[in-house]
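These are the residues of each chain, in order.
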Amino acid sequence: MRINNDGDDLFHNRLFSYLQKQLAIPIEEIRRIRKQVFSFKSETTDYILKGFPTYPRLKVQEEFITLLKQEGFDKTYSFYQLAKYPPLHFENTFYSCLQYLQPSDDSFTFHKRKNQLEGLDVLDEFHKVTEKFVHHFQQSLPPFKQLEKWNERTAVFLNHLPIIKYYVQKEIINELLVWADWSLKGIQRETHFFTSGKKVILHGDVAHHNFLRTKNNELFLIDFDLISLGFPHSDILQYTNRILPYLRWSFHELVSFDKIRPFLHEKGFLFGLGYPTDIFREWNRAIREKSYLEQGKMQILLEMTVGQFKERQEFFKQIQYLAG
């Protein structure tokens, strides 16, 4: 028996013992990856153990992945039924066993143009497949609400200003809030753009860590905890915001992406690009987790907020002009 527990001996010992009794295969090792996500080994195979707060949430995920696979989207993991007496339920958390995907040594990041394009292709394929069965989840998945989400994020950021002002000069903070206000008012005016089109299931978190390059060089899309009902441009908007720092906030570079270019003629999309979502998100997280007290993390946060400010300012002027 081997338990790699990263500090919580008692919990991991209990979880390991529970799995030994509940799984239909003998296991030799368990290791924590992050909160409520573990890897474990049988004699011949590795698996992922993932926790969900409720049984309905787990079942929606299992059903969603099953339909994805059935409809031809094979660029993600599978769920395995390994429990003798399902469901696996340990200390108020429901667990499911997932396929372990062997990662490539060349991990996926947004630094490379090749990856930026390939990620868009996988996301586009994901939307085309989920469009086929989106009706199946009308009752079990929430609708995506862009304006509501960003209004809430802005409110939290405003509450954190007493701390943020110690690190970022007033002029930059004021300009960020001007961008946010312009964006949110524009999105409200362009409601039709955000509520029309072909309905799909949105991934909801298209960060680089939710794309996984496997050992055989295939690109997979993973972690569907934030799936919701909506329209493809919401995921594309989030993806665009994710890659813009790696394009040095160049609108000219953005135009060169075939799958993004058509949206750049839509006012609603331009208003969305004006919102400083990454800055607000990361400051809110840093203050919630108190990681702003860590020098290394603070350097990254200040580079995002202050170091890139001039480039972002020029980018904002361009989209403001184009949106009219």
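Here, the structure is the one placed above.
Described below are features of the structure shown in this document. (Residues numbered from 1 in each chain as written. Predicted model: local features only at pLDDT ≥ 70, side-chain atom pairs only at ≥ 80, totals over all residues. Heavy atoms only, no water.)

**Description of the overall build of the protein**
- Tallying secondary structure elements over the protein gives 13 helices and 11 strands in all.
- In terms of overall dimensions, the protein is globule-like: its C-alpha atoms have a radius of gyration of 21 Å, near the 20 Å expected for 324 residues.
- Its C-alpha atoms give the protein principal-axis dimensions of about 65 × 45 × 35 Å.
- Every one of the 324 residues in the protein was classed for burial, and the buried ones make up 50%.
- By sequence separation, contacts in the protein at least 24 residues apart represent 72% of the contacts at least 6 residues apart.
- Roughly 16400 Å² of accessible area belongs to the protein as shown, and the carbon and sulfur atoms make up 51% of that amount.
- The average position of the 43 basic charges and that of the 40 acidic charges among the side chains of the protein differ by 3 Å. (Helix = DSSP H or I, 4+ residues; strand = E, 2+ residues; numbered from the N terminus. Rg over C-alpha atoms; globule rule 2.2 N^0.38 Å. Buried < 20%, exposed > 50% of the residue type's maximum accessible area, 1.4 Å probe, protein only. Contact = heavy atoms within 4.5 Å. Areas by Shrake-Rupley, 256 points an atom, 1.4 Å probe, with all protein chains shown as cover. Lys, Arg positive; Asp, Glu negative; His and termini not counted. Charge placed at Lys NZ, Arg CZ, Asp CG, Glu CD.)

**Looking at the environment of Arg-312**
- Inspection of the secondary structure assignment puts Arg-312 in helix 13 (residues 309–323).
- For the pair Arg-312 and Pro-56, spaced 256 residues apart in sequence, the C-alpha separation works out to 42 Å.
- For Arg-312, the contacting residues outside a window of four places in its chain are Trp-179, Trp-249, Pro-276, Asp-278, Ile-279 and Met-304.

**Points about the side chain of Asp-235**
- On the secondary structure map, Asp-235 appears in helix 8 (residues 232–243).
- The side chain of Asp-235 sits in the buried core without any salt bridge; Lys-149 is the nearest counter-charge, 8.0 Å away.
- A polar atom in the side chain of Asp-235 sits 3.1 Å from the backbone nitrogen of Gly-204.
- Leave out the neighbours within four places in its chain, and Asp-235 touches Leu-123, His-127, Leu-202, His-203, Gly-204 and Val-206. (Salt bridge = Lys/Arg side-chain N within 4 Å of Asp/Glu carboxyl O. Polar contact = N/O pair within 3.5 Å; in protein donor to acceptor, adjacent residues only side chain to side chain.)

**What about the packing of helix 8 against helix 10 (residues 267–274)?**
- Contact geometry of helix 8 with helix 10 gives a least axis separation of 10 Å together with a crossing angle of 40 degrees. Considered as vectors, helix 8 and helix 10 are oriented oblique to each other. Considering how the two elements wind past one another, helix 8 and helix 10 form a crossing that is right-handed. From helix 8, His-233, Ile-236, Leu-237, Thr-240 and Asn-241 reach across to helix 10, where they touch Phe-269, Gly-272 and Leu-273.
- Of the residues that constitute the contact of helix 8 with helix 10, the class distribution is 4 nonpolar, 4 polar and no charged. (Axes fitted to C-alpha atoms, helices over the stretch in contact; angles between N-to-C directions. Parallel < 35°, antiparallel > 145°, perpendicular 65-115°, else oblique. Left-handed = near helix turned anticlockwise from the far one by under 90°. Nonpolar A, V, L, I, M, F, W, Y, C, P; charged D, E, K, R; others polar.)

**Concerning a nonpolar patch on the surface**
- On the surface, Tyr-166, Tyr-167 and Leu-293 cluster together into a nonpolar patch covering about 390 Å² of accessible area.
- Within the fold, Leu-293 resides in the loop between helix 11 (277–289) and helix 12 (295–307).
- Note on Leu-293: relative accessible area 59%, which makes it exposed. (Patch = residues over 30% accessible without salt bridge, like charges linked within 9 Å, V, L, I, M, F, W, Y side chains within 5 Å.)

**Description of the nonpolar core**
- By size, the foremost hydrophobic cluster in this structure holds 84 residues, and its most contacted members are Phe-64 and Leu-273.
- In terms of nonpolar packing, the next biggest core, distinct from the first, is built from 18 residues, Leu-15, Phe-16, Leu-23 and Leu-88 among them. (Core = buried A, V, L, I, M, F, W, Y, C linked by side-chain atoms within 4.5 Å.)

**Considerations on the pairing of strand 4 (residues 46–52)**
- Of all 7 residues that make up strand 4, 6 are buried, and the element is covered over most of its length.
- Sheet topology places strand 3 (residues 37–41) next to strand 4; 5 bridges connect them, and they run antiparallel. By the bridge assignment for strand 4, Ser-39 is matched with Ile-48.
- Counting the residues that bridge the hairpin from strand 3 to strand 4 gives 4 residues. (Pairing = 2+ DSSP bridges.)

**Brief notes about the packing of helix 11 against helix 12**
- Taken N-terminus to C-terminus, the directions of helix 11 and helix 12 make an angle of 155 degrees; their axes are 10 Å apart at the nearest point. Classified by the angle their axes make, helix 11 and helix 12 are roughly antiparallel. As helix 11 packs across helix 12, the resulting crossing turns out to be left-handed. Seen from helix 11, the contacting residues are Asp-278, Ile-279, Glu-282, Trp-283 and Ala-286; seen from helix 12, they are Met-298, Leu-301, Leu-302, Met-304 and Thr-305.
- Tallied by class, residues from the contact of helix 11 with helix 12 come to 7 nonpolar, 1 polar and 2 charged.

**A short note on the pattern of salt bridges**
- Going through the model one piece at a time under the given rule, you end up with 24 salt bridges.
- Where Lys-185 meets Asp-181, a salt bridge forms, and the shortest distance between an N and an O atom there is 3.1 Å. Taken together, the residues span about one helical turn, with Lys-185 and Asp-181 both in helix 6 (residues 170–189) at a distance of 4 residues.
- With relative accessibility at 46%, the residue Lys-185 sits in the partly exposed group.
- Arg-248 is the partner of Glu-311 in a salt bridge, and the nearest nitrogen-oxygen pair spans 2.9 Å. Of this pair, Glu-311 sits in helix 13 while Arg-248 sits in the loop between helix 8 and helix 9 (251–255), and the two are 63 residues apart along the sequence.
- Residue class for Glu-311 comes out partly exposed when judged on its relative accessible area of 26%.
- Residues joined in a network through salt bridges with shared partners are Arg-34, Lys-50, Asp-223 and Asp-225.

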